[in-house]
Amino acid sequence: MPESDEVDRIVDAWTRERPDLDFAPLQVLSRVARLARHLERARRAAFGASGLESWEFDVLSALRRAGSPYQLSPKALLQQTLVSSGTMTNRIDRLVERRLVERRTDPHDGRGILVVMTPMGRERVDSAIVQLLGSEAELLDALSKSDQERLAGLLRKLSLDFDEA
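In what follows, the accompanying structure is described. The shown structure was predicted, so the numbers you read here are calculated from the model rather than taken from an experiment. (Residues numbered from 1 in each chain as written. Predicted model: local features only at pLDDT ≥ 70, side-chain atom pairs only at ≥ 80, totals over all residues. Heavy atoms only, no water.)

Some remarks on the overall build of the protein
Here is the rule: Numbering of helices and strands starts at the N terminus; helices are DSSP runs of H or I of at least 4 residues and strands are runs of E of at least 2. Our radius of gyration looks at C-alpha atoms and nothing else; its globule reference is 2.2 Å times the residue count to the power 0.38. Contact criterion: two residues are considered in contact whenever any of their non-hydrogen atoms come within 4.5 Å of each other. Accessible surface area values rest on a Shrake-Rupley calculation with a 1.4 Å probe, where residue burial reflects the displayed protein chains alone. Residues scored as charged are limited to Lys and Arg (positive) and Asp and Glu (negative), so that His and the chain ends carry no count. Lysine's charge is taken at NZ, arginine's at CZ, aspartate's at CG and glutamate's at CD.
Assigned secondary structure in the protein consists of 7 helices and 3 strands. What you see in the protein, going N to C, is helices and strands ordered as α-α-α-β-α-α-β-β-α-α. Relative to the 2.2 N^0.38 estimate, which gives 15 Å for 165 residues, the radius of gyration of the protein is 20 Å and therefore markedly larger than a compact globule would have. Counting only C-alpha atoms, the protein reaches 65 × 30 × 30 Å along its principal axes. Contacts in the protein between residues far apart in sequence, at least 24 positions, make up 48% of those at least 6 positions apart. Counting every atom, the protein has about 11500 Å² of accessible surface; 54% of that belongs to carbon and sulfur. Within the protein, one finds 25 positive and 27 negative side-chain charges whose respective centroids are separated by 4 Å.

Considerations on the environment of A128
We count it as follows: Burial classes: relative accessible area under 20% of the type maximum marks a residue as buried, over 50% as exposed, and values in between as partly exposed (1.4 Å probe, protein chains only).
Structurally, the position occupied by A128 is in helix 6 (residues 119-139). What makes A128 buried here is its relative accessible area of 0%. Along the sequence, A128 and I10 sit 118 residues apart, while their C-alpha atoms lie 36 Å from each other.

A short note on the nonpolar core
Rules: Within this scheme, the nonpolar core is defined by two criteria: the residues are buried Ala, Val, Leu, Ile, Met, Phe, Trp, Tyr or Cys, and they are joined through side-chain atoms within 4.5 Å.
Formed by 23 residues in total, the largest nonpolar core has its most connected members in L52, F57, L60, L63 and L77. The element contributing the most residues to this core is helix 3 (residues 54-65), with 6 residues.

Digging into the packing of aromatic side chains
The line we're drawing: Between rings of Phe, Tyr and Trp, where Trp is taken as its six-membered ring, a pair exists when centres lie within 6.5 Å; planes separated by under 30 degrees are stacked, by over 60 edge-to-face, and by other angles tilted.
Overall, the coordinates contain 2 aromatic pairs when judged by the stated rule. Aromatic side chains W14 and F23 sit 5.9 Å apart centroid to centroid with 25 degrees between the ring planes, which places their arrangement in the stacked category. The class for W14 is partly exposed, based on a relative accessible area of 44%. Residues F47 and F57 carry aromatic rings whose centres are separated by 4.3 Å and whose planes lie at 20 degrees to one another, so their mutual orientation is stacked. Linking F47 in helix 2 (residues 24-49) with F57 in helix 3, this pair joins segments that are 10 residues apart in sequence. By relative accessible area, which is 7% here, F57 ends up buried.

Considering the sheet that holds strand 3 (residues 109-117)
Note the following rule: At least two bridges found by DSSP between two strands is the condition for calling them paired.
Strand order in the open sheet made by the 3 strands is 1-3-2, with antiparallel pairing throughout. Pairing within the sheet leaves two strands with one partner each, and these edge strands are strand 1 (71-72) and strand 2 (101-106).

In structure tokens:
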């Protein structure tokens, strides 16, 4: 069994003070929350090194994953980034100002708009994903590949209900 961590100390203190409660959820979810903070710091650093904000990476990576010609409708971007339409409009405007994306008329629907990633946007998102994968690999260094796969499976199982909602 590995040595104790801060969550163990917190749970032990609560258990001492409130032995009538089951603190098992804290054993898992407090660690997830703490790891999420470390991950967020690593992501900010990776994106910052590529000249991007987190939200910019979200939009650009959705376009990059779409494949060439790296374009999606605003509605498709909404579905992938889980933000409101007003927020997405604002994000697209800001990305256009930074010349990371362009708005183009949809050739299949003259009333529709497509958001198209520019070469500069592709360069930035490609740089950011390389930085991100390196940072995330470092965060997981303490786990073997099989432990990482097992953890990914458990987290997938836990998150399925949330994804469906």
